[in-house]
Number of protein chains: 2
Amino acid sequence: MRIIIDGMGGDKGYKEVVKGSVDAVKELGVEILIVGKEDIIEEELKKYDYPQGAIEIMNANDVITNDDEPALAVRRKKDSSMVVGLKTLAEDKGDGFISAGSTGALLAGGLFIVKRIPGIERAALATVYPTTKGISLLIDAGANVDSKPEYLKQFAIMGSIYCEKILGYKNPKVALANIGTEEGKGNALVKEAYALLKESNINFIGNVEARDIPEGVCDVIVCDGFVGNIILKLTEGMAISIFSLLKKELTASLKSKFGALILKPQFGALKSKMDYREYGGAPLLGLKKPVIKAHGSSDALAIKNAIRQVKNFVENGVINLIENDINN
Amino acid sequence: MRIIIDGMGGDKGYKEVVKGSVDAVKELGVEILIVGKEDIIEEELKKYDYPQGAIEIMNANDVITNDDEPALAVRRKKDSSMVVGLKTLAEDKGDGFISAGSTGALLAGGLFIVKRIPGIERAALATVYPTTKGISLLIDAGANVDSKPEYLKQFAIMGSIYCEKILGYKNPKVALANIGTEEGKGNALVKEAYALLKESNINFIGNVEARDIPEGVCDVIVCDGFVGNIILKLTEGMAISIFSLLKKELTASLKSKFGALILKPQFGALKSKMDYREYGGAPLLGLKKPVIKAHGSSDALAIKNAIRQVKNFVENGVINLIENDINN
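Residues numbered from 1 in each chain as written. Chains lettered and ligands numbered in written order. Predicted model: local features only at pLDDT ≥ 70, side-chain atom pairs only at ≥ 80, totals over all residues. Heavy atoms only, no water.

So, the nonpolar core: which residues are in play, and what are the values?
In terms of nonpolar packing, the biggest core is built from 215 residues, with Ile 307 of chain A together with Ile 307 of chain B touching the most fellow members. What Ile 307 of chain B contacts, discounting residues up to four positions off in sequence, is Ile 3, Ile 5, Gly 20, Ser 21, Ala 24, Leu 28, Val 30, Ile 32 and Ile 98 of chain B. Of all hydrophobic cores here, the second largest spans 6 residues; its members include Leu 250 of chain A together with Phe 243, Leu 246 and Leu 250 of chain B. (Core = buried A, V, L, I, M, F, W, Y, C linked by side-chain atoms within 4.5 Å. Buried < 20%, exposed > 50% of the residue type's maximum accessible area, 1.4 Å probe, protein only. Contact = heavy atoms within 4.5 Å.)

See the structure below:
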């Protein structure tokens, strides 16, 4: 198996990509193709020992940044690491692609270059969502801000397959993010999506209220990309805010500082539970090949985990399963 | 000033309403009309001392519950405390109405019985949203799940007036809840609303990302009712989940139990900051008269605070200000 990786996309730069790739070829037995500035990547690779020939480099002189307008950048920056990587994937010279670069550009590039599975109306970004119980999968996390009921049905099917095959949940419980649990609640979009999901073959358990999402009452949370992005970002914001309030309260007096010191390991454990970077990348589901958006500030460990994710994605035949289920 | 209150709506029953009303007439110098089962309310009132004639009772034999279908209940339960109260308000026999009962029924009843201010397209529920800085106002918190750009503009204007006059923010900063801060981000609804808000006279500061909402970067958060309800409920859910995780971590070992004991007052302070009940009721803005939804589990203190809120609402002429601004 050969996995293509954008060497230049992340905030932490190519050095973390190189280290993560080296760790992956040793540990996972995959081959890696790093796309980016050949000279500096080659220089960095020389620092490591790894199985001969397991890592190749493909040169690309340009980089798409978060400041670029996504669709425009994909069309114009033809020699960027992301576009070259996606083209290489589309030409069947690799089994999957990972980038820690611009989410918007990866979405646009995935659609234009890798293209959708026949029958899929929209590709969606699926993200792991940490809960008090473990993890859920949130789909769509922001790819489609204006959705139709049929899209949500397809998101649910794709999310269910991914959740079962990659996250390992048996017959995952799929729910629609809504403002009440009863059937008939919500806006026109979710009401119609509810009806479609009720008739589908997945394990649809109905609506989930936003209040219950952090408790992990369902395995797959289905929503349109606008709502999904709000859910994801608000969750991050709440975690950050509560911890900063907590810190303020806990350092307010000598006595509370002492208490905080005793509890430091507990806070650390809690914080890591809420940390998105612990859970690897977000797959763009609905494309003809596996494409993974790694966290912008991915370090070597996150890169290695994303590579493992692509490996599982391929080995479990997720694309074929989606294609079969959508067209049935 | 005479404020009408639903005696039967809340989870905690008429006794808390009676106590809150007694406290209010003594402290705020208002008159109260409690609507509900006359015999039991009268019996309860006898337990208190208060200025002669300051509290009256109006009999209503029925109660709308959370299990009733809202619009149907308002039409059919004509002798319910909520419907009788709203009718009394509409007949100008009071200056405002408070209920801790079904939100949906209060919305429906407010629209059918009290009616909208001329020029207002939709009434919206405005809720105080606690942040790390203090409080923001969230509008719409769930009244309109399918909104048009023009509604959002009106929500912003009403929210700005209420925030300035009742919450006391000078020239409040109004922002659109969105998935990015830049103009041009978001779904069709918020993009069009953005253009309308840019041309309005309020202090529109652009988009706010969900991640930044808990930090209190704006004073008024504008959104459609579906998104607003998701934001509100997810915030509650996150607070509950983080505290329950914290509790689990902190009671995991003897050492951490000791640390938790030392920090008990700090956790209490933090918890109360996140507690919605500390902030009174949610006004239904856009109606011809002040209508306040008090928290379902309102105790006497919450009821008294809601009465104070109606008093401020009336004294500051919020309805007139909305009417003038909307039609200019």
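Describe in detail the domain arrangement of chain A, supporting the description with residues and values.
Residues and elements named next belong to chain A. According to the domain assignment, chain A consists of domain 1 (1–120 + 286–328) and domain 2 (126–278). The gap between the C-alpha centroids of domain 1 and domain 2 is 26 Å. In this complex, domain 1 contributes 15 residues to the contact, which on the side of domain 2 involves 9 residues. Carbon and sulfur atoms supply 72% of the area that domain 1 and domain 2 bury against each other, a total of about 1200 Å² over both sides. The tally of links between domain 1 and domain 2 comes to 0 salt bridges. Counting across the interface, domain 1 meets domain 2 through 2 residue pairs in polar contact (both at pLDDT 80 or more). Secondary structure elements with two or more residues in the side of domain 1 that touches domain 2: helix H11 (300–315) and helix H12 (318–326). Ranked by the residues each element gives to the side of domain 1 that touches domain 2, the list is headed by H12, at 5 residues. Looking at the side of domain 1 that touches domain 2 residue by residue, the classes come out as 7 nonpolar, 7 polar and 1 charged. (Domains from an automatic or database assignment. Buried area = accessible area lost by both parts, 1.4 Å probe. Salt bridge = Lys/Arg side-chain N within 4 Å of Asp/Glu carboxyl O. Polar contact = N/O pair within 3.5 Å; in protein donor to acceptor, adjacent residues only side chain to side chain. Helix = DSSP H or I, 4+ residues; strand = E, 2+ residues; numbered from the N terminus. Nonpolar A, V, L, I, M, F, W, Y, C, P; charged D, E, K, R; others polar.)

Please give an account of the state of the cysteines that cites residues and values.
Working definition: the covalent bond between the sulfur atoms of two cysteines is a disulfide. All names here are of chain B. Enumeration according to the criterion identifies 0 disulfides over all chains in this entry. Residue Cys 218 stays outside any disulfide, its sulfur separated by 9.3 Å from that of Cys 163, the closest cysteine. Among the residues examined, Cys 218 registers a relative accessible area of 3% and is labelled buried. For the unlinked cysteine Cys 223, the closest cysteine sulfur is that of Cys 218, found at 9.9 Å. The buried category is assigned to Cys 223, whose relative accessible area is 3%. (Disulfide = S-S within 2.5 Å.)

Go over the sheet that holds strand E11 (residues 291–293) of chain B, please, and point to the residues and values.
Residues and elements named next belong to chain B. If you trace the 11 strands from one edge of the open sheet to the other, you get E3-E2-E1-E4-E11-E10-E5-E6-E9-E7-E8, paired in mixed fashion. The two strands at the open ends of the sheet, each matched to only one other strand, are strand E3 (55–59) and strand E8 (204–209). Here the average twist between neighbouring strands, direction ignored, is 30 degrees. The sheet contact formed by strand E5 (residues 124–130) and strand E6 (residues 135–139) spans 5 bridges and is antiparallel. Directly across from Thr 127, in E6, lies its bridge partner Leu 138. Helix H4 (residues 81–90) rests against strand E1 (2–6), strand E2 (31–36), E3, strand E4 (96–99) and E11 of the sheet, and its axis sits at about 165 degrees to E4. (Pairing = 2+ DSSP bridges. Axes fitted to C-alpha atoms, helices over the stretch in contact; angles between N-to-C directions.)

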